[in-house]
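Tertiary structure, described
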Amino acid sequence: MAEKPEEPTKDKTKDEHKDKNAEDETDEDQGNLLERLLREKLNILGENETEKRMPLLEPMSLEGVANFIKKLQEKQGAERKKIFVMTGAGISTAAGIPDFRTPGTGLYDNLQKYDLPHPTAVFEINYFKENPKPFCMLAKELYPGNFKPTMSHYFIRLLAEKGLLLRNYTQNIDTLERCAGVHPDFLVEAHGNFHDAHCMNCDKEHPHEFVRDAVFKDEVPYCGCGGIVKPDIVFFGESLPDRFVNLASKDCAECELLVVMGTSLAVQPFAGLASRVGSDCPRLLINREKVGETNPLMAMLGFGAGFDFSQESGYRDVFYGSDCDDGCLKLAGLLGWEVSSGMLVVVVM
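Notes on the structure in this doc start here. What you see is a predicted model; the values in this text were computed from it and never measured.

**Some remarks on the pairing of strand β1 (residues 83–87)**
Most of β1 sits inside the fold, with five of its five residues counted as buried. Of the two faces of β1, both are covered, the one formed by I83, V85 and T87 as well as the one formed by F84 and M86. As defined by bridge partners, β1 adjoins strand β2 (residues 165–170) across five bridges and the pair is classed as parallel. Across the sheet, residue I83 finds its bridge partner in β2, namely L165. The sheet contact formed by β1 and strand β7 (residues 257–261) spans five bridges and is parallel. From the neighbouring strand, F84 faces β7, where its bridge partner is L258.

**Brief notes about the packing of helix α5 (residues 151–161) against helix α11 (residues 324–335)**
Following both chains from N to C, one finds α5 and α11 inclined at 40°, their axes separated by 8 Å at the closest point. Like other packed secondary-structure pairs, α5 and α11 cross with a definite hand, here left-handed. Residue-level inspection shows M151, S152 and F155 of α5 in contact with α11, the latter providing C324, D325, C328, L329, L331 and A332. In the contact of α5 with α11, the residues fall into seven nonpolar, one polar and one charged.

**Re helix α8 (residues 242–254)**
In a regular helix each residue adds 1.5 Å, so 13 residues correspond to 18 Å; α8 covers 19 Å between its end C-alpha atoms and thus fits that length. A bend of about 40° at A248 is the largest found in α8. Restricting attention to buried positions, one finds in α8 the residues F244, L247, A248, D251 and C252. In this structure, the buried side of α8 is in contact with β1, β2, β3 (187–189) and α9 (273–276).

So, how was this worked out
- Residues numbered from 1 in each chain as written.
- Predicted model: local features only at pLDDT ≥ 70, side-chain atom pairs only at ≥ 80, totals over all residues.
- Heavy atoms only, no water.
- Buried < 20%, exposed > 50% of the residue type's maximum accessible area, 1.4 Å probe, protein only.
- Helix = DSSP H or I, 4+ residues; strand = E, 2+ residues; numbered from the N terminus.
- Pairing = 2+ DSSP bridges.
- Axes fitted to C-alpha atoms, helices over the stretch in contact; angles between N-to-C directions.
- Left-handed = near helix turned anticlockwise from the far one by under 90°.
- Contact = heavy atoms within 4.5 Å.
- Nonpolar A, V, L, I, M, F, W, Y, C, P; charged D, E, K, R; others polar.
- Expected span 1.5 Å × (residues − 1).
- Bend = angle between axes of the 7 residues up to and from the residue.

Listed below in structure tokens is the structure:
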């Protein structure tokens, strides 16, 4: 009986080596893909790996922003109302109201007389419930009626009168936008205002005069039920107004030009609005210093894209370093507009 031919012996070492090579190649391909995706997300692509986006403004300067606004003016009706303005304490410093964070002159550096556990406690809701006196003392200094609007406020009003203003989202509680004649329909007072007030116990509404009278007598305003009456200002630890929540997404989607003025962009969720407008929306920052610049890691994690003022990769962001009033007056001049504190003001509360 013929013997069964012996099957050839497989070179297991060779096969294992081939499998290992294939596995290594797969890992390498996956590694390269992951690296490329990360590099793209982090915006650190090498030279010639991606094309720079074409600038949205011509030129990439305040002059370019003025040219863009002139094009918006050529549109009709609701199509023109596409300028979204974000403002912070910096637009009110010319009125004599200190901002919050400037070292030495900022509000948080000058609260020693209130004997606070830490500066921000004056705006923390839990501290206010325990000790409302420091806030009421500060409110007397900051109360609306003590200050007049600035050129920046009147510039915002002018945008509305020209049919260009979509909305002004403000962090300020001084109501100077209203005092300048900006209609409340154009305003989102993200951190509330002094105009309305409610009892923290029974939620009864009280006129702002009730709070003002108590504050100017160096008293804490109390409701008939015994609860503290608090102006409708958003303290740390409170939710933002419904109006902010209801309008933010819609306004960011419709925005064709974002103008940010006088803010450190340090407080969320307000600061995040700058990253929520479309990627084809030009953005102008008028500020003493650059803020809110892009953080590649945060962008990769889906927290939006900050400003990119670089000549290498920037394509839509313009920084104009100045006081807000100077920047607004310069922009108005480029547009051929006149901004004046003598503008007839009809205050609509």
